[in-house]
Amino acid sequence: MTTFKHILFPVDFSDRCNGATPFVENMAHKCGARVTLLAIAHPVYAGGLAGAAVVAPQEMLAAVKTQLDSHFANSFARLRVERVAEIGEPAQVITDYAMAHEVDLVMMPTHGYGPFRQLLLGSTTAKVLHDLARPVWTTAHKGDAPDRAHLEPQNLLCAIDGSLHSAGVMQSAAALATELGASLRFVHVVPGIEAWPERQMDVELEEEMRLAAKQNIESMAASLGIDAPVCIRAGTVADGVAEEASRHGSDLLLIGRGKMQDTLGRLRTHAYGIIRLSPCPVLSF
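This structure is a prediction, so every number in the text was calculated from the model and none was measured.

(A) Structural detail: the overall build of the protein. Secondary structure assignment for the protein yields nine helices and ten strands. The proportion of buried residues among the 285 residues of the protein is 50%.

What follows is the structure in structure tokens.
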């Protein structure tokens, strides 16, 4: 089964974008997917949206199209590639394009520069993660270029919450592991002792929670026909998942972003923190 047939790669010609290019190439090659490079002209208006555009929108669009046609000259040679330039607010354009053109996966970098901005995802990336009902791949959220040690994803780690919604994420993770010829393991994080008043929880109860979670997830995996080891950690979710990814030398972290009808939308409680702290790229379903 081909997991991804159409990959959308929004490009802004930045160093972070250029650093993500080999990852897009490799994923598309592994999955036999076609790639759409999407460049977006974002008009700037004097005095807000009610004012006149600083540069004529069509001139901006033409300039972006010219840059797109000349950029990545030595990339994507072995792939089916389409180059598209559009005008508008970047996150909205990306979301609308992905929904309208049967995109299976969006691949884009986060932006983290310096000690403060590493605490934040780029606004465009955050909006796409929140609004788009499609899988999204993001680079590790670091100030330097993406670590090419993760270019060939051999070790996949899938973080799950153990709920009924986990089944779909587990199936998608198993399918991708097969597609990439990679190993797969699952991780689940239970609350640590430090998160509870002493009267409510002790070491024995934590161990019971670990055991119950492990049995639940192993049973779920078995029912889905998935054979993969299960790791249980205690503590905060984002920290625990990131530490497990580092401990196992994971090349790609897989998570679920939830459902549109959930209280927090698709970017659920822990997804943002996991993406921000992950030592490797994250693919969120």
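(B) Seen up close, the pattern of salt bridges. Enumeration over the complete set of coordinates arrives at seven salt bridges. Note that K127 and E89 form a salt bridge whose closest N and O atoms lie 3.7 Å from each other. With K127 in helix α5 (residues 123-131) and E89 in the loop between β3 (81-87) and α3 (90-100), the pair connects residues that are 38 residues apart, well separated along the chain. Accessibility expressed as a relative area gives 40% for K127, which makes it partly exposed.

(C) Structural view of the packing of aromatic side chains. The full count for this structure, using the stated rule, is four aromatic pairs. Ring centres of F23 and W137 lie 5.5 Å apart, and the angle between their planes is 35°; on these two criteria the pair is classed as tilted. In this pair, F23 sits in helix α1 (residues 15-31) while W137 sits in strand β5 (residues 136-138), placing the two residues 114 residues apart along the sequence. With respect to class, F23 is no different from W137; both count as buried. An aromatic cluster of three or more residues is present, and its members are F9, F72 and F76.

(D) Local environment of the pairing of strand β7 (residues 183-190). Counting buried positions along β7 yields six of eight residues, so the element is predominantly enclosed. One ladder, built from five bridges, connects strand β6 (residues 155-159) with β7; its direction is parallel. Bridge pairing in β7 places C158 opposite F186. Handedness of the β-α-β unit built from β6, helix α6 (residues 166-180) and β7 comes out right-handed. Here β7 runs beside strand β8 (residues 230-234); their pairing, made up of five bridges, is parallel.

(E) Just the nonpolar core, in detail. By size, the foremost hydrophobic cluster in this structure holds 55 residues, and its most contacted members are F9, F186 and L283. The contact partners of F9, leaving out residues within four places of it in the chain, are C17, A20, T21, V24, V35, T36, L37, L38, F72, F76 and M107. L8, L129, C231 and A245 belong to the second-largest nonpolar core, a separate cluster that totals 31 residues.

(F) Highlighting the pairing of strand β1 (residues 6-11). Among the six residues of β1, six are classified as buried, and the element is accordingly described as predominantly covered. Neither face of β1 is open: one carries H6, L8 and P10, the other I7, F9 and V11, and all of them are buried. Bridge count for β1 against strand β2 (residues 34-41) is six bridges, and the pairing is parallel. Within β2, the residue paired with H6 across the bridge is R34. One ladder, built from two bridges, connects β1 with strand β4 (residues 105-108); its direction is parallel. The residue of β4 that forms the bridge with I7 is L105.

(G) Spatial organisation of α5. For α5, the full list of buried residues reads T125, A126, V128 and L129. Looking down the long axis of α5, one finds its buried residues gathered within 165° of arc, a one-sided arrangement.

(H) Region of interest: the sheet that holds β8. Strands sit in the order β3-β2-β1-β4-β5-β10-β9-β6-β7-β8 across an open sheet of ten strands; the sheet is mixed. Strands at the two margins of the open sheet, each flanked by one partner only, are β3 and β8. Neighbour-to-neighbour, the strand axes of the sheet open up by a mean angle of 25°, direction not taken into account. In this sheet, strand β10 (residues 282-284) lies alongside strand β9 (residues 252-255) in parallel orientation, the contact comprising three bridges. Residue pairing for β10: I255 is matched across the bridge by S284. Contacts from helix α7 (residues 203-223) reach β7 and β8, with the element oriented near 150° to β8.

(I) Representation of the packing of α3 against α5 in the model. Axis separation between α3 and α5 bottoms out at 9 Å; the angle between their running directions is 35°. The crossing of α3 and α5 is right-handed. Across the interface between the two elements, P90, A91, I94 and T95 from α3 touch T124, K127, V128 and D131 from α5. Of the residues assigned to the contact of α3 with α5, the class counts are four nonpolar, two polar and two charged.

Rules used in this analysis
- Residues numbered from 1 in each chain as written.
- Predicted model: local features only at pLDDT ≥ 70, side-chain atom pairs only at ≥ 80, totals over all residues.
- Heavy atoms only, no water.
- Helix = DSSP H or I, 4+ residues; strand = E, 2+ residues; numbered from the N terminus.
- Buried < 20%, exposed > 50% of the residue type's maximum accessible area, 1.4 Å probe, protein only.
- Salt bridge = Lys/Arg side-chain N within 4 Å of Asp/Glu carboxyl O.
- Phe/Tyr/Trp six-rings, centres within 6.5 Å; stacked < 30°, edge-to-face > 60°.
- Pairing = 2+ DSSP bridges.
- Right-handed = clockwise from strand over helix to strand, strands pointing away.
- Core = buried A, V, L, I, M, F, W, Y, C linked by side-chain atoms within 4.5 Å.
- Contact = heavy atoms within 4.5 Å.
- Arc of directions from axis to C-beta.
- Axes fitted to C-alpha atoms, helices over the stretch in contact; angles between N-to-C directions.
- Left-handed = near helix turned anticlockwise from the far one by under 90°.
- Nonpolar A, V, L, I, M, F, W, Y, C, P; charged D, E, K, R; others polar.

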